[in-house]
Amino acid sequence: MKWNLRLVAAHRGIWKAGELQHRLAEYGLTVSAGKMSGLWSGTPVSLKLSELDIICAALDCEIGELLVPETAAVPVNELSGRGAATAHRDDQRTGT
């Protein structure tokens, strides 16, 4: 997953982490300077779903704008393995 917070914030005229930190506080989410740094500068180590809801509300965005799938980052064997397992289950159901 790609964490797109800075881009989403920039599209809403928020250019600094401190600006977003203040906006989040207006929505009831107090974020420490360390956590804000992680949210702003990279992929957060952890994020509660309730915090994600508040971030989306504060930025008036959808979760899909903040979290963008990167299928290219998933190893091919994991993708093909999942497909093979599904095909195997389907074969078992149909008796083929």
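Before going into details, it helps to say that this report is about the structure given with it. A quick note: this is a predicted structure, and the numbers were derived from the prediction, not measured.

Focus: the pattern of salt bridges
The final tally for this structure, using the stated rule, is two salt bridges. One salt bridge in this structure joins E65 and R12, with 3.1 Å as the shortest N-O distance. A residue pair is termed long-range when its members are at least 10 positions apart, and E65 in helix α5 (residues 63-66) and R12 in the loop between α1 (5-11) and α2 (17-26) qualify at 53 residues. A relative accessible area of 32% places E65 in the partly exposed class. Between E51 and K35 there is a salt bridge whose closest N-O contact spans 2.9 Å. Here E51 is found in helix α4 (residues 49-59), whereas its partner K35 is found in helix α3 (residues 33-41), with 16 residues between them in sequence. Among the residues examined, E51 registers a relative accessible area of 12% and is labelled buried. A relative accessible area of 28% means that K35 is categorised as partly exposed.

Calculation notes
- Position numbers for residues start from 1 in each chain and track the written sequence from start to end.
- The model is predicted, so local features are restricted to residues of pLDDT at least 70 and side-chain atom pairs to those at 80 or more, both for listing and for counting; the totals for chains, interfaces and linings are taken over all residues.
- As a rule here, side-chain values come from all non-hydrogen atoms in the structure, and water together with hydrogens is ignored.
- What counts as a salt bridge is simple: a side-chain nitrogen of Lys or Arg found within 4 Å of a carboxyl oxygen of Asp or Glu.
- Numbering goes from the N terminus for both helices and strands, where a helix is a DSSP run of H or I of at least four residues and a strand is a run of E of at least two.
- Only protein chains enter the accessibility calculation, which uses a 1.4 Å probe; a residue is then buried when its area is under 20% of its type maximum, exposed when over 50%, and partly exposed in between.

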